[in-house]
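Descriptive structure summary
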Protein chains: 2
Amino acid sequence: MRRPDHQTQAGPTGAAGTTGVSAGAVLGPYLRTQAADFLRSLRLHRENTAPADTGSRSAEQAAAALRRSSRRIGSALRTFRTALDPLWAEQLRTELAWLSGTLAREHAYADRLTRLLEALHGLSGAPALPAARTSGEPADKGRPVLGVGAARAGALLERQLTLARTRAHSAALQALGSSRFHAVADAVALLASDVPFAAAAAGPAGELLSGPADLAEQRLLGAVAALPPDEPAKPYNEAHDAPWHQTRLLLRLHRYAHEVVSGAPDPVLAAAGHALDLHRDAVEAAGAAAAAARTPRIAPATAYALGVLHADQRHEVEAARTVFRASWPYAATGAARS
Amino acid sequence: MRRPDHQTQAGPTGAAGTTGVSAGAVLGPYLRTQAADFLRSLRLHRENTAPADTGSRSAEQAAAALRRSSRRIGSALRTFRTALDPLWAEQLRTELAWLSGTLAREHAYADRLTRLLEALHGLSGAPALPAARTSGEPADKGRPVLGVGAARAGALLERQLTLARTRAHSAALQALGSSRFHAVADAVALLASDVPFAAAAAGPAGELLSGPADLAEQRLLGAVAALPPDEPAKPYNEAHDAPWHQTRLLLRLHRYAHEVVSGAPDPVLAAAGHALDLHRDAVEAAGAAAAAARTPRIAPATAYALGVLHADQRHEVEAARTVFRASWPYAATGAARS
């Protein structure tokens, strides 16, 4: 691994637009800052984690910060790989993806449960289900369905998602104690002092960083342009979820690349990214409701409430898509490709 | 009953704005035209109804036309009662409401079934429910829920609503053969030749008709201004349905009063009324799905599909409210009251 001698010239905020600045002088400080954040969060996480706990508030925050810097490092390693030692970059990126994925799971189950219980509460907050004035069926006319069913559905989801969360917590602790993780931490510690650049990194930032950053943007624009059109009548068409998830990942790559090149985050991209995060959350929550409805031997009232909940979350999916489209600053389709 | 001698002056289209025209000269031709339509539809209905049928296409069209003129006559009798023999007007109005309500029921059940089956088809048109990747529950992961459940829910709804429709059909035929109905038909036949005006109807249309028509408009504007605000998070709050239903009835009274006074229907009011009709249909369809879910001993998959369907129709309720608000030509709230 080579360290071009321009590395010491790095200023506090790198801006690739500045003429004469080398790629390493922009990328180096960014990676070192992120690596230092990673190591600080790791220390905080160790200090606040007792093996038996299902995550204290401080440990949760430390894990979130760990994931935050893992994602940014991994994203920079991917987008700007031509400026870095390619083998090393690819390997560390894979390991960081494993780490942040493992850490994300516990948090995701906890969030999903909160989201579903809040939605159930909103649904059953209605005074009563409509009386059966409209049916030819005289039996059980006045009995509310969602009341009992919502409570049972909530208990079922709580049981299933708490179990999943506990398993994810154990898996995360196990991962953080593994030799695989220690290798990742060592690699990040190296990065904090000494970025393994390729020889090319001595070249001007304008070419070496802006090119890949533009490519990340073009890939995102292409994905947005290719998003399936909204079909309000069919919010349950789960086949359309995948391109949206893919767009979320590409937006993240573009957003982080933009951070590196411009030296600051873009609030418009952050808002669009937030909409896609909510989209993912609603998709997963709807999936959890549908999965719970497959539990053998549940009561019809429970299944009914889970059906209502599933549909409700699929409408949240649709709402998130609308918010994304409204927040998207580029031309919507077709034109964005040119 | 008095017939003011201005009645013979009636022109082909009454316009209350025209100075010097009497109230009777505007209201008379309108009521006579509607009464003639009523009698024509009744004849058509008799010619096309065999007692065993559940309504041929021609009989359905004739029944719809009968309801159409019943609603208009009843509405005019209510709004412009000061220009008419008050006891007679109130009595015929009540009887016409009974008649059009009885005739509407069969049609409503048929429409509701079509709406629900189409919605179920849209919901289960999705390739498959999301796989249970998100749950801690390993059992039955791949089995789609909505497929079987949607088919069963459709069969259940078809059974219940077809039964209700058949009963409504028998009730309608029975009503059309009753002495009560013959009295209504006789009263309408009288109306077709000879409107029982009050002495006041000889007065100018500008005062006698515009006053009540303005009042109908003001009542509608008040009801719209008092509509509960939309709560997108709570489309299941069925307590909000009643003021919307009330608004639908007031809009109809205003729309028909406008027809009488201006001599022509208003397409903007027709569009707003259509949105409120769809609102009512979606409310009733959601109620029918909830009612079907109360059927004893149904399978959880059936209940789940009915829950999805209920939520879907409640979102249609919300969509109809949005369409109404968008189509509403007056200021939305508060201002509309002044």
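Residues numbered from 1 in each chain as written. Chains lettered and ligands numbered in written order. Predicted model: local features only at pLDDT ≥ 70, side-chain atom pairs only at ≥ 80, totals over all residues. Heavy atoms only, no water.

Per an unreviewed UniProt entry, chain A goes by CHAD domain-containing protein and derives from Streptomyces castrisilvae.

All right, on to the overall build of chain A then. Within chain A, the regular secondary structure consists of ten helices and zero strands. For chain A, the succession of helices and strands along the chain, N to C, is α-α-α-α-α-α-α-α-α-α. A total of 338 residues make up chain A; the buried ones form 50% of that total. Looking at chain A alone, contacts between residues at least 24 apart form 83% of all its contacts between residues at least 6 apart. Carbon and sulfur atoms form 56% of the exposed surface of chain A, whose accessible area is close to 14,900 Å². (Helix = DSSP H or I, 4+ residues; strand = E, 2+ residues; numbered from the N terminus. Buried < 20%, exposed > 50% of the residue type's maximum accessible area, 1.4 Å probe, protein only. Contact = heavy atoms within 4.5 Å. Areas by Shrake-Rupley, 256 points an atom, 1.4 Å probe, with all protein chains shown as cover.)

Moving on to unusual backbone geometry. Most peptide bonds take the trans form, and the phi angle of most residues other than glycine is negative. One non-glycine residue, Arg297(A), lies in the positive phi region at around 65°. If you trace the backbone, Arg297(A) turns up in the loop between helix H9 (267–293) and helix H10 (300–327).

It is worth spelling out the packing of aromatic side chains at this point. Residue and element names in this part refer to chain A. For the structure shown, the criterion picks out four aromatic pairs over all chains. Between Trp244 and Phe324, the aromatic rings sit 5.7 Å apart at their centres with planes inclined by 85°, giving edge-to-face as the arrangement. Placement of the pair is Trp244 in helix H8 (residues 241–262) and Phe324 in helix H10, with a sequence separation of 80 residues. Across this residue pair, the class does not change: Trp244 and Phe324 are buried. An aromatic cluster of at least three residues, connected via ring pairs, comprises Trp244, Phe324 and Trp328. The ring of Trp98 has Arg180 lying over it, and the distance from NZ or CZ to the ring centre is 4.0 Å. (Phe/Tyr/Trp six-rings, centres within 6.5 Å; stacked < 30°, edge-to-face > 60°. Lys NZ or Arg CZ within 6 Å of the ring centre and 35° of its normal.)

Moving on to the side chain of Thr247(B). Residue and element names in this part refer to chain B. Looking at the secondary structure, you find Thr247 in helix H8 (residues 241–262). Residue Thr247 is classed as buried on the basis of its relative accessible area of 0%. What Thr247 contacts, discounting residues up to four positions off in sequence, is Leu220, Ala223, Val224, Leu227, Leu276 and Phe324.

Attention now goes to the environment of Thr94(B). When you line up the elements, Thr94(B) lands in helix H3 (residues 86–124). For Thr94(B), a relative accessible area of 39% corresponds to the partly exposed category.

Right, let's get into the packing of helix H4 (residues 146–176) of chain A against H10(A). Residues and elements named next belong to chain A. Contact geometry of H4 with H10 gives a least axis separation of 7 Å together with a crossing angle of 80°. Viewed along their axes, H4 and H10 adopt a mutual orientation that is roughly perpendicular. Counting all contacts with H4, which are made through Leu146, Gly149, Ala150, Arg152, Ala153, Leu156 and Leu157, the residues of H10 involved are Ala301, Thr302, Tyr304, Ala305, Leu306, Val308 and Leu309. Of the residues that constitute the contact of H4 with H10, the class distribution is eleven nonpolar, two polar and one charged. (Axes fitted to C-alpha atoms, helices over the stretch in contact; angles between N-to-C directions. Parallel < 35°, antiparallel > 145°, perpendicular 65-115°, else oblique. Nonpolar A, V, L, I, M, F, W, Y, C, P; charged D, E, K, R; others polar.)

For the structure shown, the criterion picks out 20 salt bridges over all chains. The partner of Arg314(B) in a salt bridge is Asp241(B), with the nearest N and O atoms 2.9 Å apart. Note that Arg314(B) is positioned in helix H10 (residues 300–327) and Asp241(B) in helix H8, a separation of 73 residues in sequence. Note on accessibility: Arg314(B) and Asp241(B) belong to one class, buried. Among the salt bridges present, the one from Asp241(B) reaches Arg321(B), with a minimum N-O distance of 2.8 Å. Of this pair, Asp241(B) sits in helix H8 while Arg321(B) sits in helix H10, and the two are 80 residues apart along the sequence. Arg321(B) gets classed as buried once you look at its relative accessible area, which sits at 9%. Among the charged side chains, a salt-bridge network with shared partners connects Arg57(A), Glu60(A) and Arg165(A). (Salt bridge = Lys/Arg side-chain N within 4 Å of Asp/Glu carboxyl O.)

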